[in-house]
Amino acid sequence: MTRKVPFVFLLWWLPRYLFAQVIQIAPSYTAGAPISLSYEKADDQAFLQIGHSYGSMLLKGEVKEGKTIFSLPEVVTKKKGILTFQLYSNKDMIWSGKTLIQPDTSTQHIEPYCGPKHLVVGRGDFSVLTASILDKHDNPYPPGKQVRVHTLVNNQENVTGVPTDGLLGFTRVYAPENTGYGAVSVQEGKAFSKEFRLDFYAIAPSDFTISYKRQHTYADGNQLVTLTTSTIKDAYSNTVENGTLVYFQIKDHLNQYSFASGETIDGVAHIEVPAPNYPTQWDVTSYVSYYAKTRPIRLKFAQAFENLPVLADSEGIKIGPIIGFMGQFPKNGMLVELVLKQKDTVSYLLKLDDGRAFFDYKKRLITPGDYSATISLGTLIHDLTVCVDE
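Residues numbered from 1 in each chain as written. Predicted model: local features only at pLDDT ≥ 70, side-chain atom pairs only at ≥ 80, totals over all residues. Heavy atoms only, no water.

A separate point is the pairing of strand β13 (residues 156-163). Note: strand β12 (residues 146-153) against β13, 8 bridges, orientation antiparallel. Considered in β13, the bridge of T151 is made with N158. Counting the residues between successive antiparallel strands, the hairpin from β12 to β13 contains 2 residues, one of them, N154, with a positive phi of roughly 55°. (Pairing = 2+ DSSP bridges. Helix = DSSP H or I, 4+ residues; strand = E, 2+ residues; numbered from the N terminus.)

Listed below in structure tokens is the structure:
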């Protein structure tokens, strides 16, 4: 007995049967391989709509030997992903389908990145290495593909496998507790990356000490006092980087402050400062801003000059000769202060030359009259009254 097929079923099944026979297409293709779809009918009104990761496009067919051929452009065939198709003729869709473009696993290269390149030791600082395995069309390989990560830290080489997730794989490279250099690279099969260099720097410096060196204890304003730090290191005993800025603070017995700075070389900073020209004591400290400091050290300076001879006449005021603790003149250019008082008070600084200085009334345009004068060099003070003639 012949079974009859319901008419409604034919209406549902026949278009799908016809659609399925319009174009034959493989379930997948390799990226970069040419793809041509053949419509088994010469139809110059037919066009193919293609959907892909870049968007969608319309492709006009080429009629050859009773068929309509659609040759997909490289921009579509080289890109990994799903392609969807819809075939239209006279504005009616007569077929639809899809296929998958897969990476070309016969070729590969690695696209790596590693950063940051500068790390501080200890405390969990790290750099992140990322790597993508790509075919020659820059399509990433499927998930699960592993790369071999080579690391060289503290002269110890390590190799680990890092899986990719279909786009990239990543791992962390932690800084050691010692300063120095490191290197990272990636390998997969015959594909290699360049070498990434890592620099490991000391962390914040720890407290340190300070010392001094001088030729004698006299405040002659001539000798240079050398202030030197100990080797400045961090909590892991790493020497701080060259060029670390170190400040020196000097406070005298009058609570007057002066400051200087130096930069480290091999962890040590030093400065040279001239001795004072009056007896005093220095309390010296040193510090690296916000991080480390020293305890103060004290330097005492004794009186270096025995007397302060002064003679005034009608032409001016003669100072000197001033003699030092070894019978020597003070250094040329040392300043002596002269204060003249009448209605107003005026201060002058005179430079010593071979222990002498001269204040000329005419050259200084001093108005005639009587003045009280005070001459001082450090703690040496000489008071007198002078008369300036017309």
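Our focus in this paragraph is the nonpolar core. Counting residues in hydrophobic clusters, the biggest one holds 26 residues, and the most contacted among them are I317, I319, L338, L340, F359 and I375. Looking at this core, the elements that each hand over two or more residues are β28 (316-319), β29 (335-341), β30 (345-351), β31 (357-360), β32 (369-377) and β33 (380-388). Other than its neighbours up to four places away in sequence, L340 contacts T345, V346, Y348, F359, I366, Y371, S372, A373 and V386. (Core = buried A, V, L, I, M, F, W, Y, C linked by side-chain atoms within 4.5 Å. Buried < 20%, exposed > 50% of the residue type's maximum accessible area, 1.4 Å probe, protein only. Contact = heavy atoms within 4.5 Å.)

Bringing the sheet that holds strand β2 (residues 36-39) into the picture now. In a beta sheet, neighbouring strands pair by backbone hydrogen bonds and run either parallel or antiparallel. Taking strand neighbours across the sheet as the criterion, the 3 strands line up as β2-β6-β5 in an open arrangement whose pairing is antiparallel. Edge strands, defined here as strands with exactly one partner in the open sheet, are β2 and β5 (62-64). Sheet twist, expressed as the mean angle between neighbouring strand axes with direction ignored, is 30°. Of the strand pairs in this sheet, β2 and strand β6 (residues 67-71) are connected by 4 bridges, and their pairing is antiparallel. By the bridge assignment, Y39 is partnered in β6 with T68. (Axes fitted to C-alpha atoms, helices over the stretch in contact; angles between N-to-C directions.)

On to the sheet that holds strand β4 (residues 55-60). Strand order in the open sheet formed by 5 strands is β1-β8-β7-β3-β4, and the pairing between neighbours is mixed. The outermost strands of the open sheet, each flanked by one partner alone, are β1 (28-30) and β4. Averaged over all pairs of adjacent strands, the angle between their axes in this sheet comes to 30°, without regard to strand direction. Here strand β7 (residues 81-89) pairs with strand β8 (residues 92-102) via 9 bridges, running antiparallel. Counterpart to G81 in the pairing with β8 is I101.

Topologically, K64 is positioned in strand β5. Separated by 87 residues in the primary sequence, K64 and T151 place their C-alpha atoms 59 Å from one another.

Moving on, we come to the packing of aromatic side chains. The final tally for this structure, using the stated rule, is 9 aromatic pairs. Between the aromatic rings of F47 and Y88, the centroid separation amounts to 5.3 Å while the plane-to-plane angle is 10°, which identifies the pairing as stacked. With F47 in strand β3 (residues 46-52) and Y88 in strand β7, this pair connects stretches of sequence that are 41 residues apart. Take F47: its relative accessible area is 26%, and that puts it in the partly exposed class. Geometrically, the ring pair formed by F126 and Y174 is tilted, given 5.3 Å between the ring centres and 55° between the ring planes. (Phe/Tyr/Trp six-rings, centres within 6.5 Å; stacked < 30°, edge-to-face > 60°.)

Take the environment of D199 next. Structurally, D199 is set in strand β17 (residues 196-201). Sequence separation between D199 and A175 is 24 residues, and the spatial gap between their C-alpha atoms is 8.9 Å. Setting aside chain neighbours within four positions, we find D199 in contact with K117, H118, L119, G180 and Y181.

Any two side chains of opposite charge can pair if their charged atoms end up close together. Tallying each qualifying case throughout the model produces 6 salt bridges. Residue K67 is joined to E40 by a salt bridge in which the shortest nitrogen-to-oxygen separation is 3.7 Å. Here K67 is found in strand β6, whereas its partner E40 is found in the loop between β2 and β3, with 27 residues between them in sequence. We classify K67 as partly exposed; its relative accessible area is 34%. Classification of E40 by relative accessible area gives partly exposed; the value is 49%. (Salt bridge = Lys/Arg side-chain N within 4 Å of Asp/Glu carboxyl O.)

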